[in-house]
Structure formats: structure tokens, C-alpha cells
Amino acid sequence: MKKEFHIENRRKLYRMLQPESLLVLFAGTEIRKSADAYYPFYADRNFVYLTGIEQKRSVLLVQKDKNGDILERLYLLPKDAMAERWTGKRLNAEEAEHVSGISDVRSLDSLEAQFHELAMSGRFTALCLDLHRQTAEDADRQPHLFARMAREKYPFLTIQTANLWIRQLRTIKQPCEIEALRRAEEITKAGILAMMRASRPGMYEYQYKAEFDRALGQFSPREAGFQSIISAGANNFCIHYDAYTGQAQDGDMVLNDVGAQYDNLITDVSRGWPCNGKFSPRQKLLHECALATSDYLFSIIRPGIKMADVDATIRRYNAQRLIEAGVMKSEDEVGTYMWHGGAHHIGYDVHDAVEKPEIIQPGMVFCVDVGIYHEAWGIGFRLEDNCLVTENGCENLSAGIPRTVEDMEAVIGQ
């Protein structure tokens, strides 16, 4: 993404800020794994969306005065030759401005004193932070710790959360984001094709994953967009399975739910196929139900319909196909075979942190996910594609990844 993308994102956010507000956003910090080892650092997605900066411990501080004028500062870790020898080069001010478009770049060492000066100036009445928690049990992050400090030291500042405003901005994808998603779809396709071509009875799940990861590694040093779900046989009945220890026996279905990332945009695609390359009559029967449901959804999705209707329609339409196929007798049984929802937004997160809309609008990108799990037959899979809502309908961004029985059989085991 060019710096203009991040500049415009910030401008939109600043318009939502009330006058006399301070806004503080954090990139986050590394998490200790064990002893002196840390997990790879992954910057807060909202921070990256607004600044393009992915360096740990970076902070954005924004002032909006009573007249609505904006001043923004970016705080970075100071240069440290010894630390950089061990953990890599740190951004300098010029590099940070090139990425973010922020010209006022300062050392993180000065943040505490400069925030204190602003808070005590009498010019600000509110402090905005990204205080989102996914669950109530989530540990405190830097914004929560900063809010606690501010309540103690500056009780006259009203604490507000900017999370909902940023979610609103992320809901509609901009042209540069859609182009990045198209590129990510191409990389995802290469990974899925690599797994299909290598597929054979006796192959372990970790070997499928190795094929996927190797293919992605030909395009970018970036890892997959999320923890790959790759399973075979009975393991397909664990929706978010990631152990990779199972072995595909002759006739087993291989399920994968995977995605690449390109320029921070993440895809989410699922395909299921028999490891031996030939769908059994029952496997084909169920897959045709899922495919018909997916194709129907892509034929009707357009601006103006309710987002909730996507999930409901997937469930209802697929239930009818299963009844017609003789798998079910009534829609009351659908919960036996469909275990999860059929639509979620994608973007900077695989389950994108957006404001879930009531009505579908152009520029939204979400999954159309049809899962069928028939435990009695030992068949579990899902067919998941990425839907871009256009002005008059929608586009299947992952349509180029083999999704019919005939197209998959033509590739598997090549």
C-alpha cells in the first residue's frame, strides 16, 4: 500500500474524532514464548491499516484541537546499534514518513513526557484508544494499560474507544485493497494446486501443509495469512483442526481451509477432495450439493440485500439440495450436517474486524462458505470462496481455483 492509502484512512478517522481529543494507537509489542524466545511479532492490524508501520512498540499520537485542526506524531524505538545487531534494523524518521506519510517522527523515549504535557495543557477533554477485546477473558494490551494509567493520572479526560470507527472504515475495501486480494488469490491458488497435485493415499497432513507452504514461499517471505487448516478423514470433523499429524487413507477426503496474504490483505479459501483423486458416489453427491449452493449464492448476492440473509440462504438452499439428494428428510435435520456459519468478511484479518453491516454494499468482500459434515459416511469438507460485491452483483475472486468435481479430478495426483 502506498502512503496515500494510510493518509486517507487517517483523515477519515480524524473526522470522527470530536474536537479537544487526543488519540493514541499502538502497534503492540512482542510476546514471550519461553525463556528468552519470543513469538514472531505481528503488529496490530488497525495500526497497520492507519500507518503502514509494522515495527514493534510504535505509537501514533494525534491531537484534534477545539477548532478541528489536527497534529499527528509517530513515536518509534530509538536507533540502537547493539539491539539492531541482534534483532534487525529499526526504521528511521525518513523511512517511517515514506511508509506512513507522517512527517513528525519522534523517539519513543519522549512519549510519556510529551503526552503528560498535552494532557495537562487544559486543551483536551477526551482520550481515544482502541480498547477492543475479542472476549472478556482477553489479557490487557497496551491500550488497556494506557487507559488505566490515564484514569489514575488524568481523571478529567473522558476515555473513549476508537475501535468501532476503525471497523466502519475497514468494512468497504478500496481499489488498492481489492487488487491486493486478487494477488493473494493467485498465491493461494498456487498453494492449493500444489497440494492437489501431490495428493495420494498415505500422505500425511503435514506433507500437504509443506506443499502449501513451499508454494507460498515462491512468491513472498510472508507466512500464510492465518493458521492453515489441513486435515484428512475423521480429522475433517474438527472445524479448526491444526495438528497435521493424521494420514490420508485411500478414499479419505482431504479438507483444507487456507489463505495467502499479499500487502496485508488475506484470502480464505476451502476445497475438499479425495486423496486418491477420484470422488466416490457419496462424496460426489455431497460436493454437488455444496457447489450448487455456492453457485446459487454467487448468482443472487448484490447490493441492497441483508447480510444476515447470506448465512440464512446458504443454510436453507443447501438443506433443500440435501433433501433432494436423499441425505435428509426435512430441514429440521440441517444442524446434523451443517455446523457453522457461511459468511464472514476478509481483509486485514481473515475474520476481518469490520462493523458487520445490515445491508450489503459495493466494495465489501466476504466468504461464501458451504460446509457439509456427514459423520456416518465419514465425509466432511467445505467449499469456501471469496465474494466481492460490485455495483450490480458480485464476483467470485477465487473462482479460478478448481472447485468442481471434474476440475479437481483433472488436477489431483498430477
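About the criteria used
- Throughout this description, residue numbers start from 1 for each chain and increase along the sequence as written.
- It should be noted that, the model being predicted, local features are given only for residues of pLDDT at least 70 and side-chain atom pairs only at 80 or more, the latter also being counted only at that level, while totals for whole chains, interfaces and linings use all residues.
- Hydrogens are left out, water is left out, and the side-chain values use all remaining heavy atoms of the structure.
- Axis definition: a line fit to C-alpha positions, over the contact stretch in the case of helices; interaxial angles, taken between N-to-C directions, run 0 to 180 degrees.
- Every helix listed is a DSSP run of H or I at least four residues long, and every strand listed is a run of E at least two residues long, numbered separately from the N terminus.
- Here a crossing is called left-handed whenever its near helix is offset anticlockwise from the far helix by less than a right angle, and right-handed whenever the offset is clockwise.
- In this analysis, two residues are considered to be in contact whenever any of their non-hydrogen atoms come within 4.5 Å of each other.
- Any residue that is not Ala, Val, Leu, Ile, Met, Phe, Trp, Tyr, Cys, Pro, Asp, Glu, Lys or Arg is counted as polar, Gly included; the first ten are nonpolar and the last four charged.
- The pairing criterion is simple: DSSP has to find at least two bridges between the two strands.
- Residues adjacent in sequence count toward polar contacts only when both atoms are side-chain atoms; beyond that, a polar contact is any pair of N or O atoms within 3.5 Å, and within protein one must be able to donate a hydrogen and the other to accept it.
- When two rings of Phe, Tyr or Trp (its six-membered ring) have centres within 6.5 Å they constitute a pair, described as stacked for plane angles under 30 degrees, edge-to-face for angles over 60, and tilted for the intermediate range.
- Here the term buried applies to any residue with accessible area under 20% of the maximum for its type, exposed to any over 50%, and partly exposed to those in between, with areas from a 1.4 Å probe on protein chains only.
- The criterion for a charge sitting over a ring is simple: Lys NZ or Arg CZ within 6 Å of the ring centre, and within 35 degrees of the ring normal.

What is the right way to read the packing of helix α8 (residues 175-198) against helix α9 (residues 205-217) from this model?
Pairs of packed helices are described in terms of their axes, by the angle between the two and the distance that separates them. One way to put it is that α8 packs onto α9 with a least axis distance of 8 Å and a crossing angle of 145 degrees. When you trace α8 past α9, the crossing you get is right-handed. Contacts from I187, T188, A190, G191, I192, A194, M195 and A198 in α8 reach Y208, E211, F212, A215 and L216 in α9. Looking at the contact of α8 with α9 residue by residue, the classes come out as ten nonpolar, two polar and one charged.

For this particular structure, what's the right way to read the sheet that holds strand β6 (residues 105-107)?
Adjacent strands of a sheet form backbone hydrogen bonds with each other and so pair up, either parallel or antiparallel. Sheet architecture is open: six strands sit in the order β6-β5-β4-β1-β7-β8, paired in mixed fashion. Every interior strand has two partners, whereas the edge strands, β6 and β8 (158-161), have only one. The average angle at which neighbouring strand axes cross in this sheet is 25 degrees, direction not considered. Of the pairings in the sheet, the one linking strand β1 (residues 21-26) to strand β7 (residues 126-129) comprises three bridges and is parallel in character. Paired with S21 across the two strands is A126, which belongs to β7.

I'm lost on the environment of I31 in this one. Help?
Take I31: it is sitting in the loop between β1 and β2 (32-34). Once the C-alpha coordinates of I31 and L131 are considered, the two residues, 100 residues apart in sequence, prove to be 19 Å apart. Setting aside residues up to four positions removed in sequence, I31 forms contacts with Y38 and Y39.

What am I meant to see in the side chain of H340 here?
With respect to the secondary-structure elements, H340 resides in the loop between α12 (334-337) and β14 (365-374). Polar contacts involving the side chain of H340 include one to the side chain of Y373, which spans 2.7 Å. Apart from residues no more than four positions distant in its own chain, H340 is found in contact with I239, D369, G371, Y373 and R382.

Where do I start with the packing of aromatic side chains in this structure?
The geometry of an aromatic ring pair is captured by the separation of the ring centres together with the interplanar angle, meaning the angle of the planes. Throughout the structure, instances matching the rule amount to ten aromatic pairs. With a centroid separation of 5.6 Å and an interplanar angle of 85 degrees, the aromatic rings of F5 and Y49 are classed as edge-to-face. Here F5, found in helix α1 (residues 3-16), pairs with Y49, found in helix α2 (residues 45-51); they are 44 residues apart in sequence, far enough to count as distant. For F5, a relative accessible area of 5% gives the class buried. Centre to centre, the rings of Y204 and Y206 are 5.2 Å apart; their planes meet at 15 degrees, and the pair counts as stacked. Taking the relative accessible area as the measure of exposure, Y204 reaches 30% and is therefore partly exposed. An aromatic cluster of at least three residues, connected via ring pairs, comprises F26, F115, F146, Y154 and F156. Directly above the ring of Y42 sits R45, whose terminal nitrogen or CZ lies 4.1 Å from the centroid. Looking at R183, its charged tip hangs above the ring of Y262, at a distance of 5.9 Å from the centre.

Sorry, what's going on with unusual backbone geometry here?
Peptide bonds are, in most cases, trans, and in most cases residues other than glycine have a negative phi. Located in the positive-phi region is R57, a residue other than glycine, with phi close to 65 degrees. Tracing the backbone through its elements, the reader meets R57 in the loop between α2 and β4 (59-64). Backbone geometry at N264 places phi at a positive 80 degrees, although glycine is not the residue there. Relative to the elements of secondary structure, N264 occurs in the loop between β11 (261-262) and β12 (265-266). A relative accessible area of 6% means that N264 is categorised as buried.

Worth remembering: the numbers are spatial, not functional.
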